[in-house]
Amino acid sequence: MSNSDCFDGRSWRFLNDSQKYVDKWNSTEYKKLESESTKRQFFTASEILNRLNQQQGVILADDVGLGKTTVAALVAWVYAGKGKSVRILAPNEVMKRKWLEEIDNHKDVIDGCAKSLDFRHVKVHKEKLDKATFSGIYVSTHNNIIMNSESLKCNLLIIDEAHRAKSSESVFAQKLKKNIKNNQKVLFLTATPFSINLSELENILNLIGAKDIDTSFIENIEKYWANKNKDLDVDMVATDNFLRKYIIRHGVSDLRKESYVFGNLDEDYNMGNNESADDNYIKMLLQADRLLRLCKNLNISDHHNTNDPRYHVGLGMLKDNLKKIRDFCDENGKQNLLIEKYCHDIEKNEWMKSIHPKAFHVANEINEIVKQNEKVLVFCEHHATAAEITTAIVEKLNPKMYTEGEFNPDWKKAWDNIFTNADKRGKIPSSSIPYKEAFIRWMSSQYIIDQIEKWIGYPTNNEKEICKCLKNTYVKNHQDKYQLRIADAALNLFKDLTHKDSKSTIAILRSLAQKGSFGSKMPNTQIVSAIEKNGIPDHLKEGLDEYVYEKDNSDLITKIFNSPFGPDVLVVTDKYSEGIDLHGFCRYLIHYELNTSPIKVMQRNGRIRRVNSWAAKVNEPICIGYPAFIGTRDEKLVKIMAQRIELFDTMLGGVGSKINLDTDELLCDDEMNALKNKNIKNKMNFAIYGD
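Residues numbered from 1 in each chain as written. Predicted model: local features only at pLDDT ≥ 70, side-chain atom pairs only at ≥ 80, totals over all residues. Heavy atoms only, no water.

Novice: In this structure, what is going on with empty space enclosed by the protein? I would like to understand it.
Specialist: Think of a ball as big as a water molecule: rolled over the atoms, this probe shows where empty space is left. For the structure shown, the criterion picks out four cavities of 30 Å³ or more. Quantified by volume, the second largest cavity comes out at close to 70 Å³. Considering the residues around the second largest cavity, the lining is formed by P309, H312, V313, E381, H382, E593, L594, R633, D634 and L637. In terms of residue class, the lining of the second largest cavity is made up of four nonpolar, two polar and four charged. (1 Å grid on protein atoms, 1.4 Å probe; cavity = no way out; pocket = protein on both sides within 12 Å on 5 of 7 lines; lining within 4 Å. Points joined across faces, edges and corners; volume = space filled by probe spheres on them. Nonpolar A, V, L, I, M, F, W, Y, C, P; charged D, E, K, R; others polar.)

This is how it looks when you write it as structure tokens:
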């Protein structure tokens, strides 16, 4: 380890005075910092710097939403301020933009607080570097390492979403292993350093240079979990000390002083009685399984999943597969009486003629939530399932359809007045002005008017009265809990959509400005499904045209959903489970279809459980639903996920996402005893640092 990469602790002495930093930051136009959270982040950054002076690498495994990016940005600026090079690998281009914004936001404030650091010649590199040697801070992506074999040479390497390297067989992990040098400092950021297999944690530790790793720690932990050996205390102390050296973790549930910032989780939230599969449904699943096995044996179908998980949470994919099997047989002359019988029996099943019972139940619950003037985020694993639950929600909510491109002239004049005055006061960046007209037209559409008039409490069409209401009425009629005026919320959304780094949303607004309309790119319906159209079953496509927005609109849709305006319901897949903020005005999340990995589940939950969440603003709980279709694979998956999250919480702490289903039947007695042992969390909670 090179001594040249170690510096005096006085270099980051400013981290001891977080309040000075908060005061200076809060005097700027940036979103306000919370004193308690900033204090923890500064303490964590200081601890990371201390450890990097003594060892090669550290894993920051804070819960999703606790500000790992902020902590790492502080560490990066300290290194850069000492003349060192810092390379940051973001998981994708969206996160790269967020990193650049985070780095840029801290520049002026840290320069005024960190007197022992020199930032005069520090450059933040945004574009790809042609040379391996550089100075300053360079933000790149995982893909540039995987596809372009970009150099990793630098003094400090920061890798965001580092769990993507947890498998030693992945290309990303192999590239890191090959290129990370022994004299290079490494900071890994991941809330989930392992998913199910503890060997994943071992792989991550190897990558950060944990040379003193003893693989027996995996065996010790597994035995202790099962509570099979009561004499392992000495071994567990050694394991605890070893892992504490390399892992720093805070869990949201453990930070009681900061709960007011994140919002409290409603641990007892449930979605009413789950629907159960009757004999007819089970019979249909068995017939589908036998049909697909038969087709596979006869080379009629290349469908690999005979017991397709999508059949347990929806019927759309099953209907689509039946049609494809029939079409294939007809086109290739491969008629088979048994195949025909299975297809006929399945199609005649009474469930094939109705909405899936789970979808019907969840749509009813969503309808009740929306009636309370709340937004709802729905996660699915597959596009086909997302399309089906979207269809069920549409049928239940029966949203009003609006004419595309039309706007109310009086409302437009009112918004023109508000934006003109804001422009005169310097509240709107000059670069955003060309897109103002398209945005105002959308804000003057009947769709948005109907939404705002619910908050105002009565309809209005007089320009002066409208203007007065927009300036004085609070969004969602929450003046007693959260005071954000409608006009200010609209200006915030406009600035977010036209931020210099929001290239995709700017491109859409530019196109709409040229057309003189807000067009179909801007949402004008209560429900939006951000999924790929080619993943939607054929028979559902026509009915979903008004509600589906594909990837070229993803930034636009998520930014609007993260405001008080626009859709009340957003249906997404796991593409949206990381790197996207959806907590601004949403406190309800429903896992309609679970991913098998607890990593994805926790990342999903982190979309709404973050600093300055809507739940915290209005002092209402965060509600996360895990509906299950009883008697099917879906029920078992929900129960298994409850088990995995509880085990993860036992080991690393801080997950705090109870699933309201009895998991006892999935665990052996020894495992349940281990989980119920009140002392185990104290003995095994090796990764929590601080509170």
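Novice: Looking at this model, I keep getting lost on the pattern of salt bridges. Mind explaining?
Specialist: Pairs can form between side chains of opposite charge once their charged atoms are near each other. Taken as a whole, this structure holds 27 salt bridges when the rule is applied. Across the pair K341 and D345 runs a salt bridge, and its minimum N-O distance is 2.8 Å. One end of the pair, K341, and the other, D345, are both in helix α13 (residues 337-348), four residues apart, so they sit about a helical turn from each other. Among the salt bridges present, the one from K559 reaches D496, with a minimum N-O distance of 3.4 Å. One end of the pair, K559, is in helix α23 (residues 554-561); the other, D496, is in helix α20 (residues 486-497), and 63 residues separate them in sequence. What makes D496 partly exposed here is its relative accessible area of 32%. Connected through salt bridges with shared partners, the residues K412, D416, E437 and R441 form a single ionic network. (Salt bridge = Lys/Arg side-chain N within 4 Å of Asp/Glu carboxyl O. Helix = DSSP H or I, 4+ residues; strand = E, 2+ residues; numbered from the N terminus. Buried < 20%, exposed > 50% of the residue type's maximum accessible area, 1.4 Å probe, protein only.)

Novice: Please explain the sheet that holds strand β9 (residues 527-530) as it appears in this structure.
Specialist: Read across the sheet, five strands follow the order β9-β10-β8-β11-β12 without closing on themselves; strand pairing throughout is parallel. Two strands in the sheet have a free side with no partner beyond their single neighbour: β9 and β12 (623-625). When strand polarity is set aside, the average angle formed by the axes of neighbouring strands in this sheet is 15°. When strand β8 (residues 375-379) meets strand β10 (residues 569-572), the two strands line up parallel, connected through four bridges. Residue pairing in the sheet places V378 in a bridge with V571 of β10. Contacting β8, β10 and β11 (586-591), helix α14 (residues 357-371) crosses the sheet at an angle of about 155° to β8. (Pairing = 2+ DSSP bridges. Axes fitted to C-alpha atoms, helices over the stretch in contact; angles between N-to-C directions. Contact = heavy atoms within 4.5 Å.)

Novice: Mind showing me how you'd approach the packing of helix α17 (residues 436-443) against α20 here?
Specialist: Axis angle and axis distance: for two packed helices, these are the angle between their axes and the distance between the axes, and together they describe the pair. The geometry of α17 relative to α20 is characterised by a closest axis approach of 11 Å and an angle of 135° between their N-to-C directions. Here α17 lies oblique to α20, going by the angle between them. Seen along the crossing, α17 lies across α20 with a hand that is right-handed. Contact with α17, carried on its side by K436, F439, W442 and M443, involves A490, L493, F494 and L497 of α20 and no other residues of that element. Taken together, the residues that form the contact of α17 with α20 break down as seven nonpolar, no polar and one charged. (Parallel < 35°, antiparallel > 145°, perpendicular 65-115°, else oblique. Left-handed = near helix turned anticlockwise from the far one by under 90°.)

Novice: In this structure, what is going on with a negative patch on the surface? I would like to understand it.
Specialist: Residues E101, D104, D108 and D111 make up a contiguous surface patch of negative charge. Tracing the backbone through its elements, the reader meets E101 in helix α4 (residues 93-113). Classification of E101 as partly exposed rests on a relative accessible area of 34%. (Patch = residues over 30% accessible without salt bridge, like charges linked within 9 Å, V, L, I, M, F, W, Y side chains within 5 Å. Areas by Shrake-Rupley, 256 points an atom, 1.4 Å probe, with all protein chains shown as cover. Lys, Arg positive; Asp, Glu negative; His and termini not counted. Charge placed at Lys NZ, Arg CZ, Asp CG, Glu CD.)

Novice: Can you walk me through the nonpolar core in this structure?
Specialist: The tendency in soluble globular proteins is for nonpolar side chains to be buried as a group. Judged by nonpolar contacts, the single largest core of 46 residues is most densely connected at W415, W442, I452, L470 and F565. Of all the secondary-structure elements, those providing two or more residues to this core are α16 (409-424), α17, α18 (446-456), α19 (463-472), α20, α21 (503-515), α23 and α25 (614-618). The biggest single contributor to this core is α20, with eight residues. Leave out the neighbours within four places in its chain, and W415 touches I440, M443, S444, I452, L470, I486, A487 and A490. Ranked by size, the runner-up nonpolar core spans 44 residues in total, among them I48, M95, W99 and I110. (Core = buried A, V, L, I, M, F, W, Y, C linked by side-chain atoms within 4.5 Å.)

Novice: Would you mind going over the packing of aromatic side chains with me for this structure?
Specialist: Describing an aromatic ring pair means giving the distance of the ring centres and the angle of the ring planes. Taken as a whole, this structure holds 15 aromatic pairs when the rule is applied. Plain terms: the ring middles of Y281 and W351 are 6.0 Å apart, the flat faces sit at 70° to each other, and that makes the pair edge-to-face. On the criterion of sequence distance, the pair formed by Y281 in helix α11 (residues 279-297) and W351 in the loop between α13 and α14 is long-range, its members being 70 residues apart. When its relative accessible area of 0% is taken as the criterion, Y281 is described as buried. With a centroid separation of 6.1 Å and 50° between ring planes, the pair formed by F439 and W442 is classed as tilted. Here F439 pairs with W442, and both are found in helix α17, just three residues apart, close to one helical turn. Put simply, the rings of W415, F419, F439, W442 and F494 touch in pairs and so form one group of aromatic residues. Over the ring of Y592 we find K358; its NZ or CZ atom is 4.7 Å from the centre of that ring. K375 extends its terminal NZ or CZ atom over the ring of F561, reaching a point 4.9 Å from the ring centre. (Phe/Tyr/Trp six-rings, centres within 6.5 Å; stacked < 30°, edge-to-face > 60°. Lys NZ or Arg CZ within 6 Å of the ring centre and 35° of its normal.)

Novice: What am I meant to see in α11 here?
Specialist: One full turn of an α-helix is made of 3.6 residues, so residues set three or four places apart face in the same direction. The end-to-end C-alpha separation of α11 is 27 Å, in line with the 27 Å expected for 19 residues at 1.5 Å each. Listed as buried for α11 are Y281, M284, L285, Q287, A288, D289, L291, L292, L294 and C295. On its buried side, α11 packs onto α12 (316-332), α13 and α14. For α11, the side-chain oxygen to backbone nitrogen distance between the N-cap and N280 is 3.2 Å, and the N-cap itself is D278. At the exit of α11 stands N299, carrying a positive phi of roughly 55°. (Expected span 1.5 Å × (residues − 1). Polar contact = N/O pair within 3.5 Å; in protein donor to acceptor, adjacent residues only side chain to side chain.)

Novice: What exactly am I supposed to notice about the pairing of β11 here?
Specialist: Consecutive residues of a regular strand have side chains that alternate between opposite faces of the sheet. Most of β11 is tucked away: six of the six residues are buried. Bridge analysis of β8 against β11 gives five bridges, and the strand direction is parallel. Each residue of the ladder has a partner; that of V376, found in β11, is Y588.

Novice: So what exactly am I meant to see when it comes to unusual backbone geometry here?
Specialist: Phi is mostly negative for residues that are not glycine, and the peptide bonds are mostly trans. Even without being glycine, N373 reaches a positive phi, approximately 70°. With relative accessibility at 26%, the residue N373 sits in the partly exposed group. With a phi angle near 45°, N398 is a residue other than glycine that sits in the positive phi range. Mapped onto the secondary structure, N398 falls in the loop between α15 (383-397) and α16.

Novice: Would you mind showing me how to read the sheet that holds strand β1 (residues 57-60) here?
Specialist: Sheet strands pair by backbone hydrogen bonding; their relative direction is either parallel or antiparallel. Pairing is parallel in the open sheet, where seven strands are placed in the order β3-β4-β2-β5-β6-β1-β7. Here the strands that pair on one side only, and so sit at the sheet edges, are β3 (124-125) and β7 (247-248). Two strands pair when backbone bridges link them, and strand β2 (residues 85-90) and strand β5 (residues 156-159) are joined in this way by four bridges, in the parallel orientation. Among the inter-strand pairings, L89 is bridged to a residue of β5, identified as I159. Contacting β1, β5, β6 (185-189) and β7, helix α2 (residues 35-52) runs over the sheet at an angle of about 155° to β1.

Novice: Even after reading the chapter, I still don't get the packing of α14 against α15, so can you show me in this structure?
Specialist: Two elements in contact, α14 and α15, have axes whose closest approach is 9 Å; the angle formed by their N-to-C orientations is 50°. Relative to α15, the element α14 lies oblique. For the pair α14 and α15, the sense of crossing is right-handed. Side by side, α14 and α15 meet where A359, V362, A363, N364, I366, N367 and V370 of the first sit next to I389, A392, I393, K396 and L397 of the second.

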